[in-house]
Structure formats: C-alpha cells, structure tokens
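Residue-level listing of the chains:
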Amino acid sequence: MRNFISVNDVTDINVLVKKALMYKANPFADKILGINKRVGLLFLNPSMRTRLSTQIAAQNLGMDVIVFNVDKDGWALEFEEEAIMSGNTVEHVKDAAPIMGKYFDILCIRTFPSLKNKEDDYSELYIKQFIKYSGIPVVSLESATLHPLQSLTDIITINEIVENEKVKSKKEKLKIVLTWAPHVKPLPQCVANSFAEWVNKWGNADFVITHPEDYDLDERFTKGATIINDQDEALKDADFVYVKNWSTYKDYGKIYCNDPEWMLTDEKLKLTNNAKVMHCLPVRRNVELSDEVLDSKNSIVTQEAGNRVWAAQAVLSEILKSNY
Ligand code: CP
C-alpha cells in the first residue's frame, strides 16, 4: 500500500480487518516496525478521535509522531496551480509539501470540503496536491469527500460484533442500513460516501441507504446499495443501523428537509432485528440520535470509536511494510 485515500487502496478488506483485530488483541505485536520512522499528522480542521487514535496507533508501532494544526499554527496554504498569490494564502503546497516529505516518512492529512463548490470539493485537490508534491505516502484522516479510516473502523466493528455476539440475521445475509438523520448545520457527505463504498466493496451484506428525497448521494459511491426514501421500510429487520447526517449533493451543500421524524428513536429501533446502532461521532444528541438509543445496549458508538486505533494501526503498518 502506497497511500490510503479510499477503499481502492485496499487489496483485500478482510485481510486488513483481520490485521486490525490482531492489533486489538496484541497492540505491541509490531512495536519496532516503525522505529526511527516519523509520521506527521496535519490538521486543517478540528478532530478528537482521528487525532488521538492515529497518534496511539503510530506509537504502538514505535513511530515518532508530530501533530501540526495547519489551520491554527501554520501559514495559510494555497493549493491551486499557477495561483497569483495576492490574497490571503501565504505558502503554496508545492513549496510546503516537499519540505514535509523531508521531515516525515508518512504524512496524514485532514481536510474538509467547502460545501460551496461541488466540482472543487469532489476533485480532492488538497489531498492530491500533497500526494503529488510530498514524495512520501499519504493517509487521509478525512478528506473533502471520503473518510476511509472511519469506514475501515466501521467494517472492523461490524465484523467483531458478528463474530463475538453471533448475530442471527432474519435475512439470508446481514442487513446494514445507512440512515440520514437531521442536523442543525450542513455537513459533508464524506462519512456516508465512504461507508457506502466500503460496504459495497466488502459485499458481505444487504445494504440499504435511506434518506429524504433531495439527499441522494453521488452514485459512484452508492452503486450496489438499495435506496429507499421510506425510513421505516428501510429499517425493517436491520442488523446494523448507521446514523449520519449529510447535506444535499445535487444542489450542493444545502439543508432541505430537516424533519425531526428522521431522528433514530427507540420506537424506530423496534422495526429492526434488535439492531446495533453506529455513528462516527461527534453526535448531536436528541437531534440525530435520541438519548434513549445512544445510552442503550444497542449503541456501539464507543466500541466503534475505540476501534479507530486498530484501523489506523493496520493501515500505518501496511504502509511501513510496503515502503520502508
Ligand atoms: N469520527 C471522527 O472522525 O471524529 P473526529 O472528527 O473527532 O476525529
């Protein structure tokens, strides 16, 4: 593995999941793999789970870690080629990224979309420019359109629950539902896009996506899933329900319907096969998910967030083994 930007960088999801669960059972199995190697974690946006779990993962592999909050402590970066830098940006990524390539062995980057210009956001310019100019492996800590470390974690968590709790699906295959939820702010589509493309490629489940009309996601990620606008119908017999808000994709970055009826409640959970409830966090309580669900045994959000360490460790380990 050279970079980790999307599911397309992974040859075999099940092998990567197995590796992550091996690290969960034995965190220091490869404690000298990353000795004398340094990873840079660059944040252009806030984070708690991604920041902490990736640091812990790198340290478990013996790596040195430097966290750099580009948005607060760095120069404002320019990403456009041939830009005339007479505005607010101070340093071009073409100049900054090769220097990062000298300081670090792996570069991990978090960026968010503007939610103003779909073409710009979906071009993934920021992460592509770091790949082009840093000369070292690049890991996405969430980009404008995808959150692959979160999605790998989600598949790890589903695997773990299925194996440990012997989930008895009412269907021939496991049923996983991704449901839109209300929110107070327009949010990126990345977690939903990413979850969709990972579950589709994984292929071990009947995968249903449910959202109000106008919230269709990009078909490049959802192709293969069943899309239903009736949430109650979608939830029927689900084994896992993944709750997430996203803003509109077609008329980009807007909030249309924000019907509180779409919040997942205990009443709605009764439609499912006693489903486990997932969310990437942070979550707006009693807007996206009710207290009663989040505080119930059905919620696996803490286990899910805990597994972020093992996903990051499996990915960093693969990159170290293939490149150094
Ligand atoms: N789920 C997730 O990426 O959380 P953070 O934004 O806190 O990193």
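Residues numbered from 1 in each chain as written. Predicted model: local features only at pLDDT ≥ 70, side-chain atom pairs only at ≥ 80, totals over all residues. Heavy atoms only, no water.

K.L.:
Mind showing me how you'd approach the pairing of strand β7 (residues 174-180) here?
P.N.:
Each regular strand shows side chains that alternate between the opposite faces of the sheet. A large share of β7 lies buried, amounting to 7 of its 7 residues. With 6 bridges joining them, β7 and strand β8 (residues 205-210) adopt parallel strand pairing. The partner of I176 across the bridge, within β8, is F207. Taken together, β7, helix α8 (residues 190-202) and β8 form a β-α-β motif whose crossover is right-handed. Pairing analysis gives 5 bridges linking β7 to strand β10 (residues 240-244), with the strands arranged parallel. When the sheet's bridge partners are listed, L178 is paired in β10 with Y242. (Buried < 20%, exposed > 50% of the residue type's maximum accessible area, 1.4 Å probe, protein only. Helix = DSSP H or I, 4+ residues; strand = E, 2+ residues; numbered from the N terminus. Pairing = 2+ DSSP bridges. Right-handed = clockwise from strand over helix to strand, strands pointing away.)

K.L.:
Explain the packing of helix α4 (residues 93-103) against helix α6 (residues 125-134) to me, please; I cannot follow it from the model alone.
P.N.:
Think of two packed helices as two axes; the pair is described by the angle between the axes and how far apart they sit. Contact geometry for α4 and α6: axes closest at 8 Å, N-to-C directions at 60 degrees. Taken together, α4 and α6 sit at an angle that is classed as oblique. Crossing handedness for the pair α4 and α6: right-handed. Every residue of α6 that contacts α4 at V93, K94, A97, P98 and G101 is listed here: Q129, F130, Y133 and S134. Here the contact of α4 with α6 is built from residues that sort into 5 nonpolar, 3 polar and 1 charged. (Axes fitted to C-alpha atoms, helices over the stretch in contact; angles between N-to-C directions. Parallel < 35°, antiparallel > 145°, perpendicular 65-115°, else oblique. Left-handed = near helix turned anticlockwise from the far one by under 90°. Contact = heavy atoms within 4.5 Å. Nonpolar A, V, L, I, M, F, W, Y, C, P; charged D, E, K, R; others polar.)

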